[in-house]
Amino acid sequence: MSSRILIADDNVANRELLEAYLATVDCELETAVDGADTLEKVESFKPDLILLDVMMPKLSGFEVCKQLKENPKTSGVMILMVTALSELGDIERGVSAGTDDFLSKPVNRIELTKRVENMLKLKGTTDELERLRQYIQEMEER
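Read on for a plain summary of the structure. Quantities reported herein were computed from a predicted structural model and do not represent experimental measurements. (Residues numbered from 1 in each chain as written. Predicted model: local features only at pLDDT ≥ 70, side-chain atom pairs only at ≥ 80, totals over all residues. Heavy atoms only, no water.)

1. As for the overall build of the protein
This is how it is decided: The numbering of helices and of strands both runs from the N terminus, where a helix is a DSSP run of H or I of at least 4 residues and a strand a run of E of at least 2. In this treatment the radius of gyration is a C-alpha quantity, and the globule benchmark scales as 2.2 Å times the residue count to the 0.38 power. Here the Shrake-Rupley method, with its probe set to 1.4 Å, supplies the accessible areas, and only the displayed protein chains count as covering residues. This count recognises Lys and Arg as positive and Asp and Glu as negative, with His and chain-terminal groups excluded. Where a charge lies is defined by one atom per residue type: Lys uses NZ, Arg uses CZ, Asp uses CG and Glu uses CD.
Looking only at helices and strands, the protein has 5 helices and 5 strands in total. Tracing the protein from N to C terminus, the helices and strands come up as β-α-β-α-β-α-β-α-β-α. Relative to the 2.2 N^0.38 estimate, which gives 14 Å for 142 residues, the radius of gyration of the protein is 15 Å and therefore close to what a compact globule would have. Seen along its three principal axes, the alpha-carbon backbone of the protein occupies a region of about 55 × 30 × 30 Å. On the protein, roughly 8300 Å² of surface is accessible, and the fraction owed to carbon and sulfur atoms is 52%. Positive and negative side-chain charges in the protein, numbering 18 and 28 respectively, have mean positions lying 2 Å apart.

In C-alpha cells form, the structure reads like this:
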C-alpha cells in the first residue's frame, strides 16, 4: 500500500511544483486549497503526511496543525510545514502547534524528496509499532 500525501497550499503554482517534485516518490497525492479544505481532505483522504503551507486563507497552517495534532484521530499524521516564514518566532509557533518538521521556500527538490521519504519511513515504523502494541495488549487481555 503506497503512502498518501496531502499538499495544502493556496497558491496553485506552489501545489503544482510540489506535485512535480514528488513524482519520483511512491505515493498517492491529493491537494487542498486553504485551511478549511485541508481539514476536510484529511478526513476523506486520510493522509500519512501533509505538506502544509503556513499562510493560507480561512485557517492558517498553524491553526490546521494545532487542530490535527489535538485530535486523537489525526494526531499521528505527519506534518511538514512548508513556509516562506523563517523568523524564530514563526518556528516556535509551528513547534507549539505540533509540526513535525519545517521546509523553507523556495523548496529544493532534493531536500523535499529526502525529507518526505524519511518522514514516510518514520510514519510507517510508528504505525507498525502501534499495531504491535495493540496486538500485545490484546494477547495480554486473553
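2. Digging into the layout of surface pockets
Note the cut-off: Method remark: on a 1 Å grid restricted to protein atoms, a set of points is classed as a cavity if a 1.4 Å probe fits but cannot get out and as a pocket if it is open with protein on both sides within 12 Å along at least five of seven lines; lining residues have an atom within 4 Å of a point. Grid points are joined across faces, edges and corners, and a volume is the space filled by probe spheres set on the points. Gly counts as polar in this scheme, as do all residues outside two lists: the nonpolar Ala, Val, Leu, Ile, Met, Phe, Trp, Tyr, Cys and Pro, and the charged Asp, Glu, Lys and Arg.
Empty space within the largest pocket amounts to approximately 350 Å³. Looking at the largest pocket, it is lined by 15 residues, and the ones nearest its centre are Val42, Glu43, Lys73, Thr74 and Val77. Put simply, the parts of the chain that give the lining of the largest pocket at least two residues each are α2 (35–45) and α3 (61–70). Broken down by element, the lining of the largest pocket gets its largest block of residues, 3 residues, from α2. Looking at the lining of the largest pocket residue by residue, the class counts come to 6 nonpolar, 5 polar and 4 charged.

3. Looking at α3
The condition that has to hold: Here's how the labels work: a residue is buried when its accessible area is under 20% of the maximum for its type, exposed when over 50%, partly exposed in between, all with a 1.4 Å probe on protein chains only. The arc in question is formed by the directions pointing from the helix axis toward the C-beta atoms. Whether two residues touch is decided by their heavy atoms; if any such pair falls within 4.5 Å, the residues are in contact.
Those residues of α3 that fall on the buried side of the exposure criterion are Gly61, Phe62, Val64, Cys65, Leu68 and Lys69. Buried positions in α3, seen along its axis, are confined to an arc of 165 degrees and lie on one side of it. Against the buried residues of α3 lie α2, β3 (49–53), β4 (78–83) and α4 (88–97).

4. With respect to the packing of α3 against α4
This is how the line gets drawn: What counts as an axis is a line fitted to C-alpha atoms, over the stretch in contact for a helix, and the angles between N-to-C directions run from 0 to 180 degrees. Throughout, the term roughly parallel applies to angles under 35 degrees, roughly antiparallel to angles over 145, roughly perpendicular to angles from 65 to 115, and oblique to all others.
Where α3 meets α4, the axes come as close as 8 Å, and the angle between the chain directions of the two elements is 25 degrees. The orientation of α3 with respect to α4, classified from their angle, is roughly parallel. Here Phe62, Cys65, Lys66 and Lys69 of α3 lie close against α4, whose contacting residues are Asp90, Arg93, Gly94 and Ala97. Class assignment for the residues of the contact of α3 with α4 results in 3 nonpolar, 1 polar and 4 charged.

5. A short note on the pairing of β3
The following threshold applies: Strand pairing is assigned whenever DSSP identifies at least 2 bridges connecting the two strands. The definition of a right-handed crossover adopted here requires that, viewed with the strands pointing away, the path from the first strand over the helix to the second runs clockwise.
Across the 5 residues of β3, 5 count as buried, placing the element largely inside the fold. Alternating positions in β3 separate into two faces, Leu49, Leu51 and Asp53 on one and Ile50 and Leu52 on the other, with burial throughout. One ladder, built from 4 bridges, connects strand β1 (residues 3–8) with β3; its direction is parallel. Bridging from a neighbouring strand, Ala8 pairs with Leu52 of β3. One crossover worth recording links β3 to the parallel β4 by way of α3, and it is right-handed.

6. Re the environment of Thr83
Assignment of secondary structure puts Thr83 in strand β4. With residues near it in sequence (within four places) discarded, Thr83 still touches Val54, Phe102, Leu103, Ser104 and Lys105.

7. Digging into the pattern of salt bridges
Pairing between side chains becomes possible if they bear opposite charge and their charged atoms approach one another. Filter applied, for reference: Salt bridges are defined as contacts in which a side-chain nitrogen from Lys or Arg sits within 4 Å of a carboxyl oxygen from Asp or Glu.
Evaluation of the coordinates by the stated rule reveals 14 salt bridges. Here Lys105 and Asp53 are joined by a salt bridge, their closest N and O atoms 3.1 Å apart. One end of the pair, Lys105, is in the loop between β5 (101–104) and α5 (109–141); the other, Asp53, is in strand β3, with 52 residues separating them in the sequence. With a relative accessible area of 25%, Lys105 lands in the partly exposed category. Exposure remark for Asp53: the relative accessible area of 5% places this residue in the buried category.

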